[in-house]
Amino acid sequence: MTRISAKYLAQRLIISYLTILVIMTLLFVLLHSMPGSFIQTMQSPDMTGEQIERLKEQWGLNEPLWKQYVDFMVNYQTGEFGWSPHWNVPVWNLIERRLPRTVILFGATTITGFMIGPLVGMYLGWWRGTKRDRSIFTGGLIAYSLPSFWIAWLFIWLFSFELDLLPAKYMRTQFPQEVYGTGFEWTAMMAMRDVLWHLALPLLSLTAIGWVGSMLIMRTVMQNVTEQDYVFLARAKGLSERKVMIKHAARNALIPVATGAIVGIAFILDGAVVIENVFNYPGMGNLILDSVLNNDHPTTQAVFFMLAVLLVICRIIQDIAYTYLDPRIKFGEEES
Amino acid sequence: MPLLEFEDLSIRYRTDGPDVKASEDVNFEVDYGKTFGLVGESGCGKTTLGKSILQLLDDNGYVESGHIWYDDVLPEWKTDTGKVRPEVVEDDRYPVRDDGMMDLTALDSDDIRRVRWNNISLIPQSSMNALNPVYRVGDQIVEAIRVHEPETPEDEAHERARDLLEQVGIERERADDYAHQFSGGMKQRAIIAMAMACNPDMVIADEPTTALDVIIQDRVLDAIREMQDQFDVSMLIISHDISVMAETCDRLGVMYGGRLMESGTTKEVIENPANPYTMGLQNSFPTVEESQERLLAIPGTPPTLTEPADECRFAERCPFATNVCMNDHPPMYDAEAASDGRSRVQQEADVGHRSACYRLDVLEEMRERAKEEETWQQTETPSSS
Ligand SMILES: Nc1ncnc2c1ncn2[C@@H]1O[C@H](COP(=O)(O)OP(=O)(O)O)[C@@H](O)[C@H]1O
Ligand code: SF4
Ligand SMILES: [Mg+2]
């Protein structure tokens with residue numbers, strides 16, 4: 001299956017790169033259109049004018065605007081995100097540690113959400129108008145409209161306080177020596193199990209809202225697809241209802257689900273930022289809140305940028321996925 | 001010998017209001033190796049009848065009464081020699097009658113699924129969109145073969161699929177194409193090929209040429225005829241176009257408002273129509289034999305089928321309607337006997353030439369007047385004519 005040509009891929013990559021450049025420019029504009037200078041948040045009342053001047057010099061704010069823009073663009077593309085005034089380390093060091101954690105939580109939820117959502121949507125669309133359809137659909141809508149932190153609290157209350165099944169905080173057991181005895185050492189297996197165990201509740205909370213988006217699309221498309229002539233023909237051929245539903249109806253309904261997936265993915269990423277803070281999960285979402293509260297502009301900016309890049313990457317994956325699903329798309333020949 | 005026999009079939013669609021009476025007491029037969037054509041304007045219940053054979057009605061449709069008898073039974077109801085087992089015929093729990101015919105409307109969903117495509121295949125009305133866009137055309141034919149003959153190896157099924165495509169004039173390699181790479185006529189012919197995949201006894205083709213241009217229509221009809229010769233299948237062709245039917249069918253049934261108005265051999269129905277509706281329908285299509293000057297449409301539109309009035313279904317639009325037409329819908333009368341002066345010999349079974357009309361006593365006069373343009377222009381009320 002060489003369905004995807006190098007040309008198509010190159011095209012997608014160039015478009016993605018341009019998107020990232022636009023995002024960077026927007027970030028730059030945003031930063032410079034904020035009232036005052038972010039230096040103000042670092043200065044104390046007893047600083048002399050000379051000291052403030054030095055601070056400005058240090059942060060490059062005395063350069064002409066175009067030079068600042070060019071520097072910014074070049075630096076960002078080389079992973080040079082500057083210095084965090086709050087943590088007093090290079091911003092990249094923070095990102096480097098936090099990003100994989102967010103990718104784990106967000107990636108895992110995206111996978112579970114996009115497994116559960118289309119599956120449930122398939123059945124609901126197939127059973128359209130029945131009681132089962134209406135009750136699950138309504139339940140999904142309620143979950144979708146509840147604030148994500150609220151669902152997280154609900155789960156913490158249920159699974160952590162009431163049932164005492166799952167931990168409600170952090171990514172690892174803190175102070176394991178206190179829990180497991182003084183001579184305790186982590187082995188790789190145990191560390192992994194510990195992380196998964198801590199991941200369970202955030203994952204569950206995030207999935208609870210993350211599955212609904214793809215379910216809604218799948219359900220609607222399934223309803224349309226069920227009316228299609230090829231579904232009638234599949235039935236006339238003597239296929240079982242199950243085969244008609246999965247092989248003929250759902251397979252086609254997946255195409256629009258894949259085309260619109262990025263909206264659901266962004267929704268999950270958005271939820272992940274909130275959920276991380278509810279669970280004190282030390283990822284990018286947690287970092288965003290800390291850096292905003294501490295007026296750490298370089299870090300805030302870099303986190304926003306990395307989350308945007310994450311979405312752009314997801315977008316590329318989505319494009320590849322739906323071109324595989326729909327044979328009517330001509331690869332690399334024209335963009336529709 | 002009938003392969004398929006409709007007996008007093010009445011079909012309803014549930015709606016929010018009263019049920020739609022999409023078919024009412026329909027009787028006709030499709031003989032072995034023959035082509036039966038169902039003709040009539042859009043909305044008169046042809047597709048409904050076609051779908052009902054395989055229990056493929058829309059979710060809100062149901063058979064209210066009547067039977068569809070099919071001259072075969074499920075494999076496990078037969079003896080080793082292929083005869084129907086006596087206890088199956090005698091036991092009332094099996095939907096099989098004395099002459100060994102099986103009622104398709106009485107099969108459960110698993111059993112009818114085995115009849116679909118294996119015994120009877122159906123080419124749906126808009127078969128242009130009936131190929132699944134995400135699977136290769138050949139694979140879709142293979143799928144049909146493998147459902148009903150799971151013991152057939154994959155590569156053998158693929159060979160058969162390619163053979164079938166070749167027979168309808170599509171190159172073998174095109175089996176690897178997707179539907180969007182096919183033209184409209186090719187898609188239609190691919191479905192015809194698919195219909196033959198399991199060597200069925202019968203093929204139902206719903207509007208096989210509608211929405212195709214004339215040249216492509218001919219090629220599709222050729223494909224149908226060739227398949228029919230080769231596989232010796234019976235066919236039920238459904239069309240609103242009586243001139244297409246004249247070329248293709250052995251017998252014709254003319255439907256109006258859920259009722260069968262006339263049936264007979266194609267020659268009888270086309271050359272000596274015995275029902276005013278058939279005459280009107282003929283005027284509205286170019287015939288093969290005589291080149292008509294102008295096409296005359298029947299004024300008015302087909303009736304909605306909820307709560308029909310107690311009168312001939314066609315009375316509202318019929319130029320020959322009189323008071324006798326107003327009490328009840330006419331039963332089927334023997335048109336042959338009518339030409340001998342006996343205009344009220346009832347004939348419910350599908351033999352000879354039949355017509356549902358109270359005025360067969362003036363049949364000759366109706367035929368003459370039906371050819372005149374003025375006849376179809378008058379909009380007088382029936383009682384004053
Ligand atoms: N699912 C349905 N629900 C209600 N009415 C229907 C449904 N399908 C068809 N009908 C009605 O039944 C009648 C016969 O339809 P159909 O069998 O499609 O006619 P034809 O094939 O001759 O055009 C029409 O009046 C149509 O509106
Ligand atoms: S019974 Fe009357 S209304 Fe009906 S077709 Fe005959 S003449 Fe016309
Ligand atoms: Mg129809």
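Residues numbered from 1 in each chain as written. Chains lettered and ligands numbered in written order. Predicted model: local features only at pLDDT ≥ 70, side-chain atom pairs only at ≥ 80, totals over all residues. Heavy atoms only, no water.

## Structural notes on the overall build of chain B
Heads up, the rule is: Labels follow the DSSP assignment, with helices taken as runs of H or I lasting at least four residues and strands as runs of E lasting at least two, numbered in each case from the N terminus. Only protein chains enter the accessibility calculation, which uses a 1.4 Å probe; a residue is then buried when its area is under 20% of its type maximum, exposed when over 50%, and partly exposed in between. For this analysis, residues touch if any pair of their heavy atoms sits within 4.5 Å. What sets the accessible areas is the Shrake-Rupley method with a 1.4 Å probe; for residues, cover comes only from the shown protein chains. Counted as positive: Lys and Arg. Counted as negative: Asp and Glu, with His and the chain ends omitted from the count. Note that the charge is assigned to NZ on lysines, CZ on arginines, CG on aspartates and CD on glutamates.
Looking only at helices and strands, chain B features twelve helices and twelve strands. Taken over the C-alpha atoms alone, chain B extends approximately 70 × 50 × 45 Å along its principal axes. Here chain B holds 385 residues, and 56% of them are scored as buried. In chain B, of all internal contacts separated by at least 6 residues, the share reaching a separation of at least 24 is 66%. With the model as given, the accessible surface of chain B reaches about 16600 Å², and the carbon-plus-sulfur share is 45%. Side-chain charges of chain B comprise 37 positive and 77 negative groups, with the mean position of each set lying 2 Å from the other.

## A closer look at the overall build of chain A
Scanning chain A from N- to C-terminus turns up 13 helices and zero strands. Order of helices (α) and strands (β) in chain A, N terminus to C terminus: α-α-α-α-α-α-α-α-α-α-α-α-α. Across the 336 residues in chain A, those meeting the buried criterion constitute 43%. Sequence separation of 24 or more characterises 77% of the internal contacts of chain A that already satisfy a separation of 6 or more. Accessible surface computed for chain A: about 17800 Å², of which carbon and sulfur atoms make up 64%. Side chains of chain A give 26 positive and 26 negative charges; the mean places of these two sets differ by 15 Å.

## Structural notes on the interface of chain A and chain B
Using the following cut-off: Throughout, the accessible surface (probe 1.4 Å) given up by two parts as they are put together, summed over both, is called the buried area. Should a side-chain nitrogen of Lys or Arg be within 4 Å of a carboxyl oxygen of Asp or Glu, the pair is scored as a salt bridge. Definition of a polar contact: a pair of N or O atoms within 3.5 Å, with one able to donate and the other able to accept a hydrogen when the atoms are protein atoms, and with sequence-neighbouring residues admitted only if both atoms are side-chain atoms.
Counting residues at the interface gives 21 residues for chain A, matched by 25 residues for chain B. The contact between chain A and chain B buries some 2200 Å² in all, and 62% of this surface belongs to carbon and sulfur atoms. The largest per-residue losses of area from chain A upon contact with chain B belong to Phe232, Leu233 and Lys237 of chain A, which jointly make up 30% of the total buried on that side. Counting across the interface, chain A meets chain B through three salt bridges. One can count ten residue pairs in polar contact (both at pLDDT 80 or more) joining chain A with chain B. Those elements giving two or more residues to the side of chain A that touches chain B turn out to be helix H9 (229–236) and helix H10 (241–259) of chain A.

## Here we look at a nonpolar patch on the surface
Residues and elements named next belong to chain A. Which entries qualify depends on this criterion: The patches described consist of residues with a relative accessible area above 30% and no salt bridge, like charges being joined within 9 Å and nonpolar side chains (Val, Leu, Ile, Met, Phe, Trp, Tyr) within 5 Å.
There is a patch of nonpolar side chains on the surface, built from Phe149, Trp150, Trp153, Leu154, Trp157, Leu158, Phe161, Leu163 and Leu165 and spanning about 940 Å² of accessible area. For Leu163, the location among the structural elements is in the loop between helix H6 (148–162) and helix H7 (176–180). A residue is classified by how much of its surface remains accessible, and Leu163, at 46% relative accessible area, is partly exposed.

## Overview of the sheet that holds strand E1 (residues 2–13) of chain B
Residues and elements named next belong to chain B. Operational definition: Should DSSP find at least two bridges between two strands, the strands are taken to pair.
Ordered by their spatial adjacency, four strands build an open sheet running E2-E1-E4-E5, and the pairing between neighbours is antiparallel. Edge positions in the sheet fall to strand E2 (20–31) and strand E5 (102–103), since each has one partner strand and no second. The pairing of E1 with E2 spans eight bridges and is classified as antiparallel. Within E2, the residue paired with Leu9 across the bridge is Val26.

## Section: the pairing of strand E6 (residues 120–123) of chain B
Residue and element names in this part refer to chain B. Of the two faces of E6, the one carrying Ile120 and Leu122 and the one carrying Ser121 and Ile123 are both buried. Pairing geometry for E6 and strand E7 (residues 202–206), over four bridges, is parallel. Opposite Ser121, over in E7, you have Val203 as the bridge partner.

## Observations concerning the coordination of the magnesium ion (ligand 3)
Residue and element names in this part refer to chain B. What counts is decided by this rule: Ligating atoms shown are N, O and S within 2.8 Å of the metal, or 3.2 Å for Na, K and Ca, and water is not included, meaning a site may look less than complete.
Looking at the metal site, the magnesium ion (ligand 3) is ligated by Thr47 (OG1) and Gln125 (OE1), spaced 2.0 to 2.6 Å from it. With Thr47 in helix H1 (residues 46–53) and Gln125 in the loop between E6 and helix H4 (137–148), this residue pair connects regions lying 78 residues apart in the sequence. Residue classification places Gln125 among the partly exposed residues on the basis of a relative accessible area of 41%.

## Description of helix H4 (residues 91–126) of chain A
Which entries qualify depends on this criterion: Each helix should span, by expectation, one fewer than its residue count multiplied by 1.5 Å. Values of bend correspond, residue by residue, to the angle between axes fitted over the seven residues ending at that residue and the seven starting there.
Helix length check: H4 of chain A, at 36 residues, gives a terminal C-alpha distance of 50 Å against a target of 52 Å (1.5 Å per residue), a fit within 8%. The principal kink in H4 of chain A, of about 30°, is found at Arg98 of chain A, preceding the proline Pro100 of chain A by one to four residues.

## With respect to the site of ligand 2
Test applied: To be near a molecule or strand, a residue needs just one of its heavy atoms within 4 Å of it. In this classification, Asp, Glu, Lys and Arg are treated as charged, Ala, Val, Leu, Ile, Met, Phe, Trp, Tyr, Cys and Pro as nonpolar, and every other residue, Gly included, as polar.
Around ligand 2 lies a shell formed by Pro276, Cys312, Ala315, Cys318, Phe320, Ala321, Cys325, Cys357, Tyr358 and Arg359 of chain B. Tallied by class, the residues present in the shell around ligand 2 amount to nine nonpolar, no polar and one charged.

## So, the domain arrangement of chain B
Interface size is commonly expressed as the accessible surface area that is lost when the partners come together. Residue and element names in this part refer to chain B. Rule in force here: Domain boundaries shown here were taken from an automatic or database domain assignment.
Domains assigned within chain B are domain 1 (2–90 + 103–255) and domain 2 (272–376). The C-alpha centroid of domain 2 is placed 29 Å from the C-alpha centroid of domain 1. Taken together, the contact between domain 1 and domain 2 spans 23 residues of the former and 19 residues of the latter. Overall, the association of domain 1 and domain 2 removes approximately 1800 Å² of surface from exposure, summing both partners, and the carbon and sulfur fraction of that is 58%.

## Describing the pairing of strand E8 (residues 234–239) of chain B
All names here are of chain B. Applicable threshold: Assignment of crossover handedness uses the view with strands pointing away from the viewer, where a clockwise path from the first strand over the helix to the second indicates a right-handed crossover.
Within E8, six of the six residues are buried, leaving the element largely enclosed by the surrounding structure. Both faces of E8 are covered, namely the face carrying Ser234, Leu236 and Ile238 and the face carrying Met235, Ile237 and Ser239. Judged from the five bridges that link them, strand E3 (residues 35–39) and E8 form a sheet pairing that is parallel. Bridge assignment links Thr35 to a residue of E8, and that residue is Met235. Of the pairings in the sheet, the one linking E7 to E8 comprises five bridges and is parallel in character. In the strand pairing of E8, Asp206 is matched with Ile238. In this view, the connection linking E7 to its parallel neighbour E8 by way of helix H7 (residues 214–231) has right-handed handedness.

## A short note on the packing of helix H10 (residues 276–283) of chain B against helix H12 (residues 363–370) of chain B
Residue and element names in this part refer to chain B. Definition in use: To get an axis, fit a line to the C-alpha atoms, keeping to the stretch in contact for a helix; angles then go from 0 to 180 degrees between the N-to-C directions. Angles are sorted into four bins: roughly parallel if under 35 degrees, roughly antiparallel if over 145, roughly perpendicular if 65 to 115, and oblique for all others. Here a crossing is called left-handed whenever its near helix is offset anticlockwise from the far helix by less than a right angle, and right-handed whenever the offset is clockwise.
Where H10 contacts H12, the two axes come as close as 10 Å, and the packing angle between them is 20°. With respect to each other, H10 and H12 are oriented roughly parallel. The hand of the H10/H12 crossing is right-handed. Facing H10, whose interface residues are Pro276, Met279 and Asn283, H12 presents Leu363, Met366, Arg367 and Ala370. When grouped by side-chain class, the residues that make up the contact of H10 with H12 number five nonpolar, one polar and one charged.

## As for the nonpolar core
Residue and element names in this part refer to chain B. Selection criterion: Buried Ala, Val, Leu, Ile, Met, Phe, Trp, Tyr and Cys residues form a nonpolar core when they are joined through side-chain atoms within 4.5 Å.
With 118 residues, the main nonpolar core has Leu4, Phe28, Ile53, Met102, Leu104 and Ile120 as its most contacted residues. The leading source of residues in this core is helix H6 (residues 184–195), at seven residues. A domain split of this core shows at least three residues from each of domain 1 (2–90 + 103–255) and domain 2 (272–376). In this structure Leu4 touches Phe28, Glu29, Val30, Ile53, Ile68, Trp69, Tyr70, Met101, Leu104, Ile120 and Met202, once residues within four positions along its chain are discounted.

## Considering the packing of aromatic side chains
Residue and element names in this part refer to chain B. The following threshold applies: When the centres of two rings from Phe, Tyr and Trp lie within 6.5 Å, Trp using its six-membered ring, the rings pair. Their planes under 30 degrees apart give stacked, over 60 give edge-to-face, and anything left gives tilted.
Under the definition given, this model contains 18 aromatic pairs over all chains. With a centroid separation of 4.3 Å and 20° between ring planes, the pair formed by Phe6 and Phe28 is classed as stacked. Of this pair, Phe6 sits in strand E1 while Phe28 sits in strand E2, placing them 22 residues apart in sequence. Summarising the burial analysis for this pair, Phe6 and Phe28 share the class buried. Centroid distance Tyr333 to Tyr358: 6.4 Å. Interplanar angle 55°. Geometry classified as tilted. Placement of Tyr333 in strand E11 (residues 333–334) and of Tyr358 in the loop between strand E12 (354–355) and H12 is noted, with a sequence separation of 25 residues between them. On the basis of relative accessibility, which here comes to 13%, the residue Tyr358 falls in the buried class.

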